[in-house]
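# Summary of the model geometry
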Amino acid sequence: MLSVRGLTKRYGDTEVVRGLDLHVKRGECFGLLGPNGAGKTTTLRLLLGLIEPDGGSIELAGIAVPQHAREARMKVGVVPQMDNLDPDFSVRENLLAYGRYFGMSKAAVAARVPELLEFAGLASKADAQIAQLSGGMKRRLTLARALVHDPDILFLDEPTTGLDPQARHLIWQGLRRLIGAGKTIVLTTHFMEEAERLTDRLAILDHGRMVAEGAPRALIESHIEPAVVEVYGEGLEDWMRDRAGGVCQRFESVGETLFCYTSHAERVIDALKQAPALRYLHRPSNLEDVFLKLTGRDLRD
Amino acid sequence: MIRHLRFPRLSWRFIPVWQRNYLVWKKLAIPSILGNLADPMLYMLGLGYGLGSLLPDVAGMPYLTFLAAGTVAYSTMNAATFEVLYSSFSRMHVQRTWDAIMNAPLTLDDVMLGELTWAVSKSLLSGLAILAVIWGLGLYGSFWMTLWIIPVVALVGFCFGGMGLVMNAVSPSYDFFLYYFTLVITPMVLLCGVFFPVSQLPPLLQSVSAWLPLTHAIDLARPLVLGKTPSDIVQHGAALCAYGFAGYVIALALTRRRLLK
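None of the values given here were measured: they were computed from a predicted structure.

### Re the overall build of chain A
The helix and strand tally for chain A stands at 11 helices and 14 strands. In terms of overall dimensions, chain A has a C-alpha envelope of 75 × 45 × 35 Å along the principal axes. Taking all 301 residues of chain A together, the buried fraction comes to 41%. A separation of at least 24 residues holds for 70% of the contacts in chain A among residues at least 6 apart in sequence.

Spelled out as structure tokens, the structure:
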């Protein structure tokens, strides 16, 4: 459904996308993860043919991009990072207007509107103005708008950023319905939980390069020990010096916390029982641990 | 900017963009018409009767007639300019409507052509309203000749729509547009023969005036109001087309650099 080879984009001397290879199969939900500035949004814009690559090739729904971007975009629905619903139109009019951009007749769009409103949970808001909608409603309408022309593939750029948990779960439900209906989805996110829950496969980007790719479970298993014990409290430095190396397979000190990665958490916990001043949190390792291991803990802006 | 310059790729896909603006306008048509048209009409009638009663014939015609011909060009210039400055800027920068549209199979060329043709439509509306006053007050020489003012008005809208889109492309905020009005539009109103004949200006300013697009617009509109065939139709028409087309092409390059980098 999507095939990218050696994709490269430069701004001046900075390479923001460096030789990216991606392959997404029909019906797959694929995640693009990366810290801010990793090149996720630029990659999406390249895939849509909005900007021209400096190298590499893109084939989207069997169509070469950017050469035939117009035709390719007929088959893609886009949920952008920032809401850009048309504030001069009501909820229903937003869908009608958007369908026209795809060359649909008014009757064809109008026939789809009830289904789209139901999907977005906005059936009772059809005539509401955009300013009256909550953040979650706007996102759901943006998602419905992206489906107006019944695309084969959906691009979502951080679809749940800025939403509260309730609203986020509603979006996830909607996306699961679409996956169930056989749509192909490419989403960017920096919520690991979102990626773990939704995606079949994901790629972690950093500085425009892919640093890992695979199914979320497989990535966790291949990159990181199965358990994490986070240790903090009085006397951490002594414990780290004297004991951590012996019981942790790998450890990392971040600020006031020691992250101890291990396949044998009980050994770590036994050792910690002899240091009652220390507190700890024992949890299974997750995608965030992989992400931080691969992209580092430095702040990105 | 140079590497973004290229001949526009025109397609019929601009029509839904025009239609989008039309549908939004329709919701507020009455206040919008009043806002766009009352102002030039008040100037024209106020100055035309008030000042006109003090004046002998101006350039061989009553002052009100002289002013009416200038106002046709001046109000269509303003209608197109306001549309592509403030309204297009809202859609491009504030509401991000252009971004949303370009995720559909439209290009920036389509979106900006939609904006430009919409500006032409607003100009036509504005020009027709002034024309209606001209007809109503019988300020014309030949009714049939005044019908030629309609395509002139569309051309003026195209010219100033294209030029204004350049400002839209480089503006960081609404405040920036004031420079354009102060440095371009207002001087043009005073130099191009809206309120008084260009021949009243010092020779240097007269030669500047000859290059300005509003002069070309008025040189077409004024004879038509009087029922005469304008001289140098081709030159004036070509000048208006050239300003508008150059504006559109430069604006496309600048906006491409701004939005699609």
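### A word on the sheet that holds strand 5 (residues 63-65) of chain A
Residue and element names in this part refer to chain A. Strand order across the open sheet formed by 4 strands is 2-1-4-5, with antiparallel pairing between neighbours. Looking at which strands have only one partner, the edges of the open sheet turn out to be strand 2 (14-24) and strand 5. Averaged over all pairs of adjacent strands, the angle between strand axes in this sheet comes to 25°, irrespective of strand direction. With 7 bridges joining them, strand 1 (residues 2-11) and strand 2 adopt antiparallel strand pairing. Residue pairing for strand 2: Arg 10 is matched across the bridge by Glu 15.

### Points about the interface of chain A and chain B
Contacts between the two partners involve 18 residues from chain A and, on the opposite side, 18 residues from chain B. Secondary structure elements with two or more residues in the side of chain A that touches chain B: helix 2 (69-73) and helix 3 (91-101) of chain A. With 4 residues, helix 3 of chain A is the largest single contributor of residues to the side of chain A that touches chain B. Its residues placed into classes, the side of chain A that touches chain B shows 12 nonpolar, 1 polar and 5 charged.

### Looking at the sheet that holds strand 13 (residues 257-262) of chain A
Within a sheet, neighbouring strands are paired by backbone hydrogen bonds and run either parallel or antiparallel to one another. Residue and element names in this part refer to chain A. Pairing is antiparallel across the open sheet formed by 4 strands, whose spatial order is 12-13-11-14. Each edge of the open sheet is held by one strand with a lone partner, namely strand 12 (250-254) and strand 14 (278-284). Taken pair by pair, the neighbouring strands of this sheet meet at an average axis angle of 20°, ignoring direction. In terms of strand pairing, strand 12 meets strand 13 through 5 bridges, oriented antiparallel. When the bridges of strand 13 are listed, Ser 253 appears paired with Leu 258. Helix 9 (residues 236-247) contacts strand 11 (227-233), strand 12, strand 13 and strand 14 of the sheet and is inclined by roughly 25° relative to strand 13. Lying over the sheet, helix 10 (residues 265-273) contacts strand 11, strand 13 and strand 14, oriented at roughly 15° with respect to strand 11.

### Considering the packing of helix 2 (residues 29-50) of chain B against helix 5 (residues 108-136) of chain B
The packing of two helices is summarised by the inter-axis angle and the distance between the axes. All names here are of chain B. One way to put it is that helix 2 packs onto helix 5 with a least axis distance of 10 Å and a crossing angle of 40°. If you check the angle between helix 2 and helix 5, you find them oblique. Considering how the two elements wind past one another, helix 2 and helix 5 form a crossing that is right-handed. Between helix 2, through Asn 36, Leu 37, Pro 40 and Met 41, and helix 5, the contact on the second element is made entirely by Ser 126, Ala 129, Ile 130 and Val 133.

### Thoughts on the nonpolar core
Judged by nonpolar contacts, the single largest core of 155 residues is most densely connected at Cys 260 of chain A together with Val 156, Ala 217 and Ala 221 of chain B. Two domains share this core, each providing at least three of its residues, namely domain 1 (2-220) and domain 2 (225-284) of chain A. Beyond its immediate sequence surroundings of up to four residues, Ala 217 of chain B is in contact with Ala 73, Met 77, Val 152, Val 156 and Leu 240 of chain B.

### Observations regarding helix 3 of chain A
Within helix 3 of chain A, 9 of the 11 residues are buried, which leaves it mostly tucked inside the rest of the structure. Those residues of helix 3 of chain A lying buried are Val 91, Glu 93, Asn 94, Leu 95, Ala 97, Tyr 98, Gly 99, Arg 100 and Tyr 101 of chain A. Where helix 3 of chain A is buried, its residues touch helix 4 (106-120) and helix 5 (135-146) of chain A together with helix 1 (15-27) and helix 4 (97-102) of chain B. Remark: Gly 103 of chain A follows helix 3 of chain A within two positions and exhibits a positive phi of approximately 80°.

### Some remarks on unusual backbone geometry
Residue and element names in this part refer to chain A. Here the residue pair Val 65 and Pro 66 is connected by a cis peptide bond, since its omega of 5° sits within 30 degrees of zero. Structurally, the position occupied by Pro 66 is in the loop between strand 5 and helix 2. Residues other than glycine seldom take positive phi values, yet Asp 150 does so here, at roughly 50°. Positionally, Asp 150 belongs in the loop between helix 5 and strand 7 (153-157).

### Looking at the confidence of the model for chain B
Confidence along chain B averages 94 in pLDDT terms, with 100% of residues attaining 70 or more. Interface confidence for the predicted complex, expressed as ipTM, amounts to 0.90; the pTM equals 0.92.

### A look at the pairing of strand 7 of chain A
All names here are of chain A. Where burial is concerned, most of strand 7 is hidden: 5 out of the 5 residues are buried. Of the two faces of strand 7, the one holding Ile 153, Phe 155 and Asp 157 and the one holding Leu 154 and Leu 156 are both buried throughout. Inspection of the sheet shows strand 6 (residues 76-79) paired to strand 7 by 4 bridges, in the parallel sense. Bridging from a neighbouring strand, Val 78 pairs with Phe 155 of strand 7. In terms of strand pairing, strand 7 meets strand 8 (residues 184-189) through 5 bridges, oriented parallel. Among the inter-strand pairings, Asp 157 is bridged to a residue of strand 8, identified as Thr 188. Crossover connection from strand 7 via helix 6 (residues 165-180) to parallel strand 8: handedness right-handed.

### Details of the environment of Cys 241 of chain B
Within the element layout of this structure, Cys 241 of chain B appears in helix 11 (residues 233-259). Overall, Cys 241 of chain B belongs to the partly exposed group, with 15 C-beta atoms counted inside 10 Å.

### What about the packing of helix 4 of chain A against helix 5 of chain A?
All names here are of chain A. It is the contact of helix 4 with helix 5, at a shortest axis distance of 9 Å, that shows an interaxial angle of 140°. With respect to the hand of their crossing, helix 4 and helix 5 are arranged in right-handed fashion. Here helix 4 contributes Leu 116, Leu 117, Phe 119 and Ala 120 to the contact with helix 5, which in turn contributes Arg 140, Leu 141, Leu 143 and Ala 144. The residue inventory of the contact of helix 4 with helix 5, partitioned by class, reads 7 nonpolar, no polar and 1 charged.

### Let's talk about the environment of Lys 122 of chain B
Residues and elements named next belong to chain B. Tracing the backbone through its elements, the reader meets Lys 122 in helix 5. Exposure remark for Lys 122: the 25 C-beta atoms within 10 Å place this residue in the buried category. Not counting residues within four places of it along the chain, the set of residues in contact with Lys 122 comprises Ala 79, Ala 80 and Glu 83.

The rules behind the values
Residues numbered from 1 in each chain as written. Chains lettered and ligands numbered in written order. Predicted model: local features only at pLDDT ≥ 70, side-chain atom pairs only at ≥ 80, totals over all residues. Helix = DSSP H or I, 4+ residues; strand = E, 2+ residues; numbered from the N terminus. Buried ≥ 20, exposed ≤ 12 C-beta atoms within 10 Å, placed from the backbone. Contact = placed C-beta atoms within 7 Å. Pairing = 2+ DSSP bridges. Axes fitted to C-alpha atoms, helices over the stretch in contact; angles between N-to-C directions. Nonpolar A, V, L, I, M, F, W, Y, C, P; charged D, E, K, R; others polar. Parallel < 35°, antiparallel > 145°, perpendicular 65-115°, else oblique. Left-handed = near helix turned anticlockwise from the far one by under 90°. Core = buried A, V, L, I, M, F, W, Y, C linked by C-beta atoms within 7 Å. Domains from an automatic or database assignment. pLDDT = per-residue confidence, 0-100. Right-handed = clockwise from strand over helix to strand, strands pointing away.

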